[in-house]
There are 2 protein chains.
Amino acid sequence: MDLQRRMLERRGEFLLFALTPPREATSAVRAQEIADVTAKRLQELDLDGLVLYDIDDESDRNPEERPFPFLPTMDPAEYLSRHLKDWNIPTVVYRAVGKHAESDLRAWLGTQEPDRVLTVLVGAASRNKPVATSLRRAQELWAEAAPDLLVGGVAIPERHTRTGEEHLRMLGKQAAGCSFFVTQVVYDVNAAKNLVSDYLYECVRRGLGPVSIVFTFSVCGSMKTLQFLQWLGVDVPRWIQNELLHADDTLDASFDQALATARELMTYCRRLDVPFGINVESVSNRRNEIEASVNLAAHLQDELRRSF
Amino acid sequence: MDLQRRMLERRGEFLLFALTPPREATSAVRAQEIADVTAKRLQELDLDGLVLYDIDDESDRNPEERPFPFLPTMDPAEYLSRHLKDWNIPTVVYRAVGKHAESDLRAWLGTQEPDRVLTVLVGAASRNKPVATSLRRAQELWAEAAPDLLVGGVAIPERHTRTGEEHLRMLGKQAAGCSFFVTQVVYDVNAAKNLVSDYLYECVRRGLGPVSIVFTFSVCGSMKTLQFLQWLGVDVPRWIQNELLHADDTLDASFDQALATARELMTYCRRLDVPFGINVESVSNRRNEIEASVNLAAHLQDELRRSF
């Protein structure tokens, strides 16, 4: 319960690790093997929680060719209940609500144990996409069916760069029940600081306390992975693109980059007294990239202040 | 000669202090008093050079109201020759070339001592402005009349953010003879890093060595000064705007801000092996802002590696 308590008490400084479930076509036996290997790999870490993504085909939001083909993945709720059930760690299950029928979403929300599961409700990537359930409706379902389940929202610094209004969206989600936010992968530290700052000062203006913002980091072992991140909407500053392109070892350079960015945001949030969490995302299936992600999480956990 | 030698040898790590000459209406006696007070104030610093700006009415480039009225200032070349002649320090005299007739510019260039004077040639702020001399023509005059005088150009990270081509403009100026660049005041460290990075890798691609980039910093004691900087085209990230707005002491906060930004750029340039200088600009007439500028320069000079 530490993770949920920290979120409710707005104390932050927790560490999450994010996984993408195996491909939909994976057999039950193989999925269990993957789950077991992953659990083993992560047991060396002192994680406060796990994040399971709900991958949606986002090709509707970006007309450019997807650098990696879209391969449907297992539903994260099913992956959790079937293959990670012995792993006693709070898990943040993403719900790309546009994919799920209202009745399914309501049923799922109503049967989760709040000391075990948290959720992040994610709206469709583009306005043009037909959705099974809208984000607003999903928030209503949550309030009706599972108000004790901690619910979070996504916060996108890049959107703040474009519109200057992402902090207002966050406050709207907070009013609808969100008790934490999770960003996409952060490469543009300035954009993240701008969002945190505008969010905090708007909270102060409204007499609200800020809730935890979970910053996501990942390593990147190739320029193709970097292109994929950019395709997904991550702003990567030119100097970081150059650095990764010209590095002797792209993975090492991105590791240093992620560590420096995380440290800068941690220092910044502490100075402003905004509660935060760290989420390390494993984006690829390559062994060296997975190991580097675990290593990144290990470095960051040492720098978090989690004592009571 | 240390400053010029460092520039020619592309070694960087020098410290400049920038002044705006007194108002044009200032009497000779009063101008001398100002020069003497300034010299006294700066003597505690171990400066490598002085910068004298050539202030132009830039209202043509920005239709919005200028936060401070434009007041013509003395010509920096005259201020130097009349009031700072006893001060034996290399001085970088800006020339807003659009203001000066070809014959005047040529005569001035031809009579400067290269061990005493350097110049920065600045083109008009907007393309629509009628000019006495274009930047290109001024560069030709320099090559004909004073090729031994070190000439620099302006480098604007904000323009790189908009166009992505400022590094190519820099290389064009370098081909025309520039042996250093000076930025406007840097608040957006990411924009500056993007420009340095793109400039360096384009130098490498062309088999050229990078010349020194002088980063300019200033303190800012009020939101009106900040608005003026923005009016002049300086990008100030939202989080820094918020920080200065909500600080107990805007001047102190901007001091910390400038110091942190300078340190980050110094570390970055050292890592990339790009020669750099630091220029601290005194932007206001207020005593506490001037003292904070001197204090900023004093802090930064301790961090520069100027040993031989």
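The notes below deal with the structure included here. This structure is a prediction, so every number in the text was calculated from the model and none was measured. (Residues numbered from 1 in each chain as written. Chains lettered and ligands numbered in written order. Predicted model: local features only at pLDDT ≥ 70, side-chain atom pairs only at ≥ 80, totals over all residues. Heavy atoms only, no water.)

### Looking at the interface of chain A and chain B
Often, the extent of an interface is quoted as the loss of accessible area upon association of its parts. Note the threshold: Note on definitions: a residue-residue contact is assigned when non-hydrogen atoms from the two residues lie within 4.5 Å. Values labelled buried area give the accessible surface lost by two parts on being combined, using a 1.4 Å probe and summing over both. Salt-bridge detection follows one rule: a side-chain nitrogen of Lys or Arg within 4 Å of a carboxyl oxygen of Asp or Glu. As used in this structure description, the phrase polar contact means that two N or O atoms lie within 3.5 Å; if the pair is within protein, one of them must be able to donate a hydrogen and the other to accept it, and residues adjacent in sequence are counted only when both atoms belong to side chains. Gly counts as polar in this scheme, as do all residues outside two lists: the nonpolar Ala, Val, Leu, Ile, Met, Phe, Trp, Tyr, Cys and Pro, and the charged Asp, Glu, Lys and Arg.
Contacts between chain A and chain B engage 17 residues on the former and 17 residues on the latter. For the chain A and chain B pair, buried surface summed over both sides reaches about 1600 Å², with 43% attributable to carbon and sulfur atoms. Area buried by chain A at its contact with chain B is led by Asn-190, Tyr-201 and Trp-239 of chain A, which between them contribute 36% of it. At the junction of chain A and chain B, the tally comes to 4 salt bridges. With its nearest N and O atoms 2.8 Å apart, the salt bridge here joins Arg-238 of chain B to Asp-198 of chain A. In this assembly, chain A and chain B are joined by 16 residue pairs in polar contact (both at pLDDT 80 or more). Among the residues forming the side of chain A that touches chain B, the class breakdown is 5 nonpolar, 5 polar and 7 charged.

### Let's talk about a negative patch on the surface
All names here are of chain A. This is how it is decided: To count toward a patch, a residue needs a relative accessible area above 30% and no salt bridge. Like charges then connect within 9 Å, nonpolar side chains (Val, Leu, Ile, Met, Phe, Trp, Tyr) within 5 Å. The accessible surface values rely on the Shrake-Rupley method and a 1.4 Å probe; as for residues, cover is taken only from the protein chains in view. Neither His nor the chain ends contribute to the count of charged residues, in which Lys and Arg are positive and Asp and Glu negative. Charge placement uses NZ in Lys and CZ in Arg. For Asp and Glu, CG and CD serve respectively. A run of H or I in DSSP counts as a helix once it spans at least four residues, and a run of E counts as a strand once it spans at least two, with each numbered from the N terminus. Only protein chains enter the accessibility calculation, which uses a 1.4 Å probe; a residue is then buried when its area is under 20% of its type maximum, exposed when over 50%, and partly exposed in between.
A contiguous patch of negative charge on the surface is contributed by Asp-248, Asp-249, Asp-252 and Asp-256. Tracing the backbone through its elements, the reader meets Asp-252 in helix 11 (residues 250-272). Assessed through its relative accessible area of 46%, Asp-252 is described here as partly exposed.

### So, the relation of the copies chain A and chain B
Convention followed: When the copies are overlaid, the least-squares fit takes in C-alpha atoms only where the residue has pLDDT of at least 70 in both copies.
Relative to chain B, chain A is turned by 180° and slid 0.0 Å along the rotation axis, the superposed coordinates differing by an RMSD of 0.0 Å. The operation mapping one copy onto its partner corresponds to a two-fold rotation axis. Relative to the rotation axis, the C-alpha of Asn-190 of chain A is the closest in chain A, positioned 3.6 Å from it. Comparing interface residues between copies, 100% of those in chain A also sit at the interface in chain B, which points to an isologous, same-surface contact.

### Concerning the pattern of salt bridges
Residue and element names in this part refer to chain A. Following the criterion strictly, the structure yields 48 salt bridges over all chains and no others. Between Asp-54 and Lys-99 there is a salt bridge, and its shortest N-O distance comes to 2.9 Å. Separated by 45 residues along the polypeptide, Asp-54 in the loop between strand 2 (49-52) and helix 3 (76-83) and Lys-99 in the loop between strand 3 (91-96) and helix 4 (102-110) bring together distant segments of the chain.

### Some details on the sheet that holds strand 4 (residues 117-122) of chain A
Residues and elements named next belong to chain A. Basically, it comes down to this: Here, a strand pair is defined by DSSP locating no fewer than two bridges between the strands. Angles shown run from 0 to 180 degrees and are taken between the N-to-C directions of axes, each axis being a line fitted to C-alpha atoms and, for helices, limited to the stretch in contact.
Judged by pairing direction, the barrel is parallel, and its 8 strands sit side by side in the order 1-2-3-4-5-6-7-8 before closing back on the first. Across the sheet, the axes of successive neighbouring strands diverge by a mean angle of 30°, strand direction being ignored. Judged from the 4 bridges that link them, strand 1 (residues 14-19) and strand 2 form a sheet pairing that is parallel. Looking across to strand 2, one finds that Leu-19 is bridged to Leu-52.

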